[in-house]
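What follows is each chain in one-letter form.
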Amino acid sequence: MRHPILVSLCIAGFVTLSACGGNYDKSREAAKAMKNLNVVDESNLNDVMLTVSDPNEGVSYFQRAIATDPEKLELQRGLATSLIRAQRSAEGVGAWKKVTAHPDAGNDDAVELADAQIRAGQWKEAETTLNTIPPTHETFKRYRLEAMIADSNQDWKKADSFYETAVGLTTKPASVMNNWGFSKLTRGDLSEAERLFTQTLRQDPEMFTAKNNLVLARGAQGNYVLPVIPMSQIERAQLLHTLGLSAVKRGDVETGKTLFRDAIDTHPQYFEAATRSLAALETGVAN
């Protein structure tokens, strides 16, 4: 008579264990899902902190995060990137050096270190850093930095080669083309500089630096007519002022005066810089 009861108890126990096992598996899966969710949330937050309007907030965030997880490479990269965004270049160099010392760091990290070193004015150190990167690592940023260093060394052949390679490695070449044009401008290759600035503005019609550089290149050639490019009224006034300065530099003082007057008349507000330039010429204090 006891056997059926024993069998019933065994069956009940088996069912209970099965139920517990199922709950245990579900709990483990839920915990795993929550962990994955936290990782996603953290990753998203990291991305957000790399784009916040105040980069110093990003610096503070990553400093706090590193205090709890000092060996996490992604956090170290976040801190280094935020320091550069905050224009704290010297600190950024130190942070990127720590990143590159990490066993999981890669060639892109070394490129970022070189970029930070250039921003901090450490040109020789940046050149040394880039020389440690294998030539097979061909990226836009690497070649843009190589071109800038070649420029600083006045190795024009290398600079042109690196600039050309960099342009071919990006779908947004405006910034590097502007740098290339400025390189040509400093060398005195004015017509080539003008061509490159014009191409830059085809890529990015809103880049005022390229507009100003284009006017400098034209003015240095004695061409004091504004190029046909999109510009606001304020930009037009600023570019006329730039042309005026170029004219004075070439000794065309009367042309400079006329351009300064045009700049003052064009600007919708009081244009202090042009007014001061014109006053200097009219009082004979022009250098």
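Residues numbered from 1 in each chain as written. Predicted model: local features only at pLDDT ≥ 70, side-chain atom pairs only at ≥ 80, totals over all residues. Heavy atoms only, no water.

S.K.: Explain the nonpolar core to me, please; I cannot follow it from the model alone.
M.R.: Nonpolar side chains in soluble globular proteins generally cluster together in the buried interior. Counting residues in each nonpolar core, the largest one holds 21 residues, and the members touching the most others are Ile118, Leu130, Leu145 and Tyr163. Every element with two or more residues in this core is listed here: α5 (107–119), α6 (123–131), α7 (140–152), α8 (156–168) and α9 (174–187). It is α7 that provides the largest number of residues to this core, a total of six residues. Excluding anything up to four places from it in sequence, Tyr163 contacts Ala147, Met148, Asp151, Val176, Asn179, Trp180 and Ser183. With 19 residues, the next largest nonpolar core counts Ala65, Leu75, Ile84 and Trp96 among its residues. (Core = buried A, V, L, I, M, F, W, Y, C linked by side-chain atoms within 4.5 Å. Buried < 20%, exposed > 50% of the residue type's maximum accessible area, 1.4 Å probe, protein only. Helix = DSSP H or I, 4+ residues; strand = E, 2+ residues; numbered from the N terminus. Contact = heavy atoms within 4.5 Å.)

S.K.: Looking at this model, I keep getting lost on the confidence of the model for the protein chain. Mind explaining?
M.R.: Detailed reading of the predicted coordinates is not advisable wherever pLDDT is low. Here the protein chain averages 88 in pLDDT, while 83% of its residues score no lower than 70. The model gives residues 1–21 a pLDDT under 50, and that stretch makes zero contacts with residues more than four places away or in other chains. With pLDDT under 50 throughout, residues 30–40 is counted as low confidence; its partners more than four residues away or in other chains account for zero contacts. (pLDDT = per-residue confidence, 0-100.)

S.K.: How do you make sense of the packing of helix α2 (residues 55–68) against helix α3 (residues 73–85) when you look at a structure like this?
M.R.: To characterise two packed helices, one gives the angle between the axes of the helices and the distance between these axes. At a closest axis distance of 8 Å, the pairing of α2 and α3 adopts a crossing angle of 155°. It follows from the interaxial angle that α2 and α3 lie roughly antiparallel. Handedness of the crossing formed by α2 with α3: left-handed. Note on element contacts: α3 touches α2 through Leu75, Gln76, Gly78, Leu79, Ser82, Leu83 and Arg85, opposite Pro55, Gly58, Val59, Phe62, Gln63, Ala65 and Ile66. Of the residues that constitute the contact of α2 with α3, the class distribution is eight nonpolar, five polar and one charged. (Axes fitted to C-alpha atoms, helices over the stretch in contact; angles between N-to-C directions. Parallel < 35°, antiparallel > 145°, perpendicular 65-115°, else oblique. Left-handed = near helix turned anticlockwise from the far one by under 90°. Nonpolar A, V, L, I, M, F, W, Y, C, P; charged D, E, K, R; others polar.)

S.K.: Please clarify how the pattern of salt bridges should be interpreted in this entry.
M.R.: Two side chains bearing opposite charge may form a pair once their charged atoms approach each other closely. Counted by the stated rule, this structure contains 18 salt bridges. Note that Glu74 is salt-bridged to Arg77, the shortest N-O span being 3.4 Å. Highlighted residues: Glu74 and Arg77, both in helix α3, separated by three residues, approximately one helical turn. Judged by its relative accessible area of 24%, Arg77 is partly exposed. A salt bridge links Arg144 to Asp115, with the shortest nitrogen-to-oxygen separation between them at 3.8 Å. You can see Arg144 sitting in helix α7 and its partner Asp115 sitting in helix α5, a full 29 residues away along the chain. Among the residues examined, Arg144 registers a relative accessible area of 16% and is labelled buried. Where salt bridges share partners, they join Glu112, Asp115, Arg119, Lys141 and Arg144 into one cluster. (Salt bridge = Lys/Arg side-chain N within 4 Å of Asp/Glu carboxyl O.)

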